[in-house]
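# Observations on chain architecture
These are the residues of each chain, in order.
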Amino acid sequence: MAKVNLTFVTEFILKGITDQPELQVLCFVVLLVIYLVTVLGNLGLITLIRSDARLHTPMYYFLSHLAFVDLCYSSAITPKMMVNFVVEHNTIAFYACATQLGCFLTFMITECFLLASMAYDRYVAICSPLHYSTLMSKRVCIQLVAVPYIYSFLVALFHTIITFRLTYCGPNVINHFYCDDLPLLALSCSDTRMKEILIFAFAGFDMICSSSIVLTSYLFIITAILRIRSAQGRLKAISTCGSHMVAVTIFYGTLIFMYLQPKSNHSLDTDKMASVFYTVVIPMLNPLIYSLRNKEVKDASKKVLGKGCEILKTLKLRK
């Protein structure tokens, strides 16, 4: 008899990070502070890059899109996550859950390939400085950003459709703080083996492709740096890549831990803690990592603050 794919569940309940009452208020406050820093940091970085002509370069073009992606996928997860600490049952509608999963996958995969584009940009800047303006033309930069967005959207749409065409006829409590593939598969009444293979295949492909670009770029960068005779020149070259290397290590390390391990080794509770890093912490850290040690961003910030102070002084004098 043929299987009929029916959906019995109309909403899910997100279990959240912890169900201990004494930690609810503390977690809410911490998440609220982190989210506010994330929003202000990423919006501030985007505004600085757009408003200061000195930052209209390929490196900052990629960085502005990275800030946008961080802001989007943090906003897809964190607000709903915080609700879990102020309500008894944090429910999410079936299609709202699908939307959250689709948005999260889109921006997460986009970040993977944006980091690869940024690594290629640093490779060209250090290894072929004389041809940098030609190799990293405006058209090339647009392509290096547009392709990750389009590819990520299509992959996310594909995975989301498959996940939400499965049958959910049993418990509806997701052992996670957002709608993710693996916790949803644990609730499905359908055969999920093909979906699990697809997750492993696509996650492996995305990480291998993007990380290969990053590793190859840095292999050439390190070789080029070792050829630089002056210590000052080496330090300058390293400083342009240091922030990116930190961001890449944290991001890829967390994803490898999450998605490229056998199912038998998966612990959803452990995965939840790891997920906090790339859904909440990394979007907050990235603008700090890329701006605090960056002289051009600091100068642009001082310029904007200076203009703000002048406007305030003018307004006070008029009063």
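Anything mentioned here points back to the structure above.
Residues numbered from 1 in each chain as written. Predicted model: local features only at pLDDT ≥ 70, side-chain atom pairs only at ≥ 80, totals over all residues. Heavy atoms only, no water.

### Observations concerning the nonpolar core
Within the largest apolar cluster, 87 residues are counted, with the highest numbers of intra-cluster contacts made by Phe12, Leu184 and Phe251. Top contributing element to this core by residue count: helix H3 (residues 94-127), with 18 residues. If near-sequence neighbours (up to four positions away) are discounted, Phe251 is found in contact with Tyr73, Met108, Glu111, Cys112, Leu115 and Ile282. (Core = buried A, V, L, I, M, F, W, Y, C linked by side-chain atoms within 4.5 Å. Buried < 20%, exposed > 50% of the residue type's maximum accessible area, 1.4 Å probe, protein only. Helix = DSSP H or I, 4+ residues; strand = E, 2+ residues; numbered from the N terminus. Contact = heavy atoms within 4.5 Å.)

### Things to note about the sheet that holds strand E2 (residues 91-93)
Ordered in space as E2-E1-E3, the 3 strands form an open sheet in which the pairing is mixed. With one partner strand each, in any of the chains shown, E2 and strand E3 (173-174) form the two edges of the open sheet. Bridge count for strand E1 (residues 11-14) against E2 is 3 bridges, and the pairing is antiparallel. Along E2, the bridge assignment pairs Glu11 with Ala93. Contacts between H3 and the sheet are confined to E1, E2 and E3, with E2 contributing the most and set at about 90 degrees to the helix. (Pairing = 2+ DSSP bridges. Axes fitted to C-alpha atoms, helices over the stretch in contact; angles between N-to-C directions.)

### Points about the packing of H3 against helix H7 (residues 193-227)
Put simply, H3 and H7 touch, their axes get as near as 9 Å, and they point 20 degrees apart. One way to sum up the angle between H3 and H7 is to call them roughly parallel. The chirality of how H3 crosses H7 is left-handed. Only Asp206, Cys209, Ser210, Ile213, Val214, Ser217, Tyr218, Phe220, Ile221 and Ala224 of H7 make contact with H3, whose side of the interface consists of Ile109, Cys112, Phe113, Leu115, Ala116, Ala119, Tyr120, Arg122, Tyr123, Ile126 and Cys127. For the contact of H3 with H7, the class distribution of residues is 17 nonpolar, 2 polar and 2 charged. (Parallel < 35°, antiparallel > 145°, perpendicular 65-115°, else oblique. Left-handed = near helix turned anticlockwise from the far one by under 90°. Nonpolar A, V, L, I, M, F, W, Y, C, P; charged D, E, K, R; others polar.)

### Some remarks on the pattern of salt bridges
On inspection of all chains with the given rule, the structure shows 4 salt bridges. Across the pair Asp52 and Arg54 runs a salt bridge, and its minimum N-O distance is 3.0 Å. For Arg122, the salt bridge identified is with Asp121, shortest N-O distance 2.9 Å. By the burial criterion, Arg122 is buried, and Asp121 matches it. (Salt bridge = Lys/Arg side-chain N within 4 Å of Asp/Glu carboxyl O.)

### Quick word on the packing of helix H1 (residues 21-51) against helix H2 (residues 58-83)
Interhelical geometry of H1 versus H2 gives an angle of 155 degrees and a closest axis separation of 9 Å. Considering their axes alone, H1 and H2 lie roughly antiparallel with respect to each other. Taken as a pair, H1 and H2 cross one another with a handedness that is left-handed. Grouping the constituent residues of the contact of H1 with H2 by class yields 17 nonpolar, 7 polar and 2 charged.

This is a description of form; function is not addressed.
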